[in-house]
Amino acid sequence: MEPPGEGGEMAAAAALRAAKRALRGELRQRLRALGAAEKQRQSRLLSRKVIGHPKYQESKRIAIFLSMPDEIQTEEIIKDIFKHGKECFIPRYKPHSNHMDMLKLSSAEDISSLTLTSWNILQPSDDDSVREEALAGGGLDLIFMPGLGFDKKGNRLGRGKGYYDTYLERCIKHPSGKPYTIALAFREQICESVPVAENDVQVDEILYEDC
């Protein structure tokens, strides 16, 4: 016999997965309908918001994603990180797992030396052992987070791999503690409510055009 309540928990987990899958589909449709010029306009606006943000200004060690076409473009923010002598770290995702490292970028131009993965993401190659991993050193002050959707309570819907949730768990164990997290979103990615599980980590702040 199954333990009491187990069937209910499994049904609830299945319902949560289905709700996330449905919302991901809706958000992908919204993003496909967003034109290149509008994406660029919102990205520029958010870059200005970030550069003027007190948390960004006081942070020295910053992790930021290299944008895919359906994400806020982060190029201007990366240039500003180096302009102000801050340290910049970017994700290296390990395929077929939920493991991610944040590796140090030496300059904005260093991006052109990175490998394009099968997911169409630029990242340091698997055999790159020279770059500093953020948690092997002084940790991180700030992480800019991507995602497919967000609600105003700080709940985030990722792409389903769990890379950032797992990485934040590692950050919490680091002597420097959990970094401040800011999600960068198109306004079309803001939802009434995002379905979440207990282990889904909330974002400290979401930046978008109307916030």
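Structural notes, computed from the coordinates. The structure presented is a predicted model; accordingly, all values stated were derived computationally and were not measured.

**Let's talk about the overall build of the protein chain**
No. 1: The helix and strand tally for the protein chain stands at 5 helices and 11 strands.
No. 2: Each of the three principal axes of the protein chain carries a C-alpha extent, and together these read 60 × 40 × 35 Å.
No. 3: A buried classification covers 46% of the 211 residues belonging to the protein chain.
No. 4: Across the protein chain, every contact between residues at least 6 apart in sequence was considered, and the portion connecting residues at least 24 apart equals 72%.

**Describing the pairing of strand β2 (residues 87-93)**
When a strand is regular, its side chains alternate between the sheet's two faces.
No. 1: Buried residues dominate β2, accounting for 6 of its 7 residues.
No. 2: As paired strands, strand β1 (residues 61-63) and β2 are joined by 3 bridges and run parallel to one another. Residue pairing for β2: alanine 63 is matched across the bridge by phenylalanine 89.
No. 3: Hairpin geometry of β2 and strand β3 (residues 100-105) is characterised by an intervening segment of 6 residues between the two adjacent antiparallel strands and by a positive phi of about 60° at histidine 96.

**A short note on the pattern of salt bridges**
No. 1: For the structure on display, the rule yields 17 salt bridges.
No. 2: A salt bridge links lysine 79 to glutamate 75, with the nearest nitrogen and oxygen atoms 3.4 Å apart. Separated by 4 residues within a single helix, lysine 79 and glutamate 75 lie in helix α4 (residues 75-83), roughly one turn from each other.
No. 3: The partner of glutamate 76 in a salt bridge is lysine 79, with the nearest N and O atoms 3.8 Å apart. Of this pair, glutamate 76 and lysine 79 both sit in helix α4, 3 residues apart, roughly one helical turn.
No. 4: On the basis of relative accessible area, lysine 79 is assigned to the partly exposed category, the value being 39%.

**Focus on the packing of aromatic side chains**
No. 1: With the rule as written, the count across this model stands at 2 aromatic pairs.
No. 2: The ring of tyrosine 180 carries the charged tip of lysine 55 above its face, separated from the ring centre by 4.7 Å.
No. 3: For lysine 86, the ring lying beneath its charged end belongs to tyrosine 56, and the centroid distance is 5.0 Å.

**Brief notes about the sheet that holds β1**
No. 1: Spatially, the 6 strands line up as an open sheet ordered β3-β2-β1-β6-β9-β11, and their pairing is mixed. In the strand order of this sheet, the two ends are held by β3 and β11 (205-207), each with one partner. Taking each pair of neighbouring strands and ignoring which way they run, the sheet shows an average axis angle of 30°.
No. 2: Of the pairings in the sheet, the one linking β1 to strand β6 (residues 142-145) comprises 2 bridges and is parallel in character. Bridging from a neighbouring strand, isoleucine 62 pairs with leucine 142 of β6.
No. 3: Sheet contacts for helix α2 (residues 36-51): β6, β9 (180-184) and β11; angle to β11, the most-contacted strand, approximately 135°.
No. 4: Against the sheet, α4 engages β1, β2, β3, β6 and β9, with an angle of about 135° to β2.

Definitions and limits used
- Throughout this description, residue numbers start from 1 for each chain and increase along the sequence as written.
- The predicted origin of the model limits local features to residues at a pLDDT of at least 70 and limits the giving and counting of side-chain atom pairs to 80 or more, whereas totals for whole chains, interfaces and linings rest on all residues.
- Derived side-chain values reflect all non-hydrogen atoms in the structure, with water molecules and hydrogen atoms excluded from consideration.
- Secondary structure elements are taken from DSSP: a helix is a run of H or I of four residues or more, a strand is a run of E of two residues or more, and numbering for both begins at the N terminus.
- Only protein chains enter the calculation, and the probe is 1.4 Å; a residue is then buried if its accessible area is under 20% of its type maximum, exposed if over 50%, and partly exposed in between.
- The contact criterion used throughout is that any non-hydrogen atoms of two residues lie within 4.5 Å.
- Pairing between strands requires that DSSP locate at least two bridges from one strand to the other.
- Each salt bridge in this description consists of a side-chain nitrogen of Lys or Arg and a carboxyl oxygen of Asp or Glu lying within 4 Å of one another.
- What counts as a ring pair is set by centres within 6.5 Å for rings of Phe, Tyr and Trp (its six-membered ring), and what kind of pair is set by the plane angle: stacked under 30 degrees, edge-to-face over 60, tilted for all other angles.
- In this scheme, Lys NZ or Arg CZ marks a charge over a ring once it lies within 6 Å of the ring centre and within 35 degrees of the ring normal.
- Only the stretch in contact is used when fitting a helix axis, every axis being a line fitted to C-alpha atoms; angles between N-to-C directions are given from 0 to 180 degrees.

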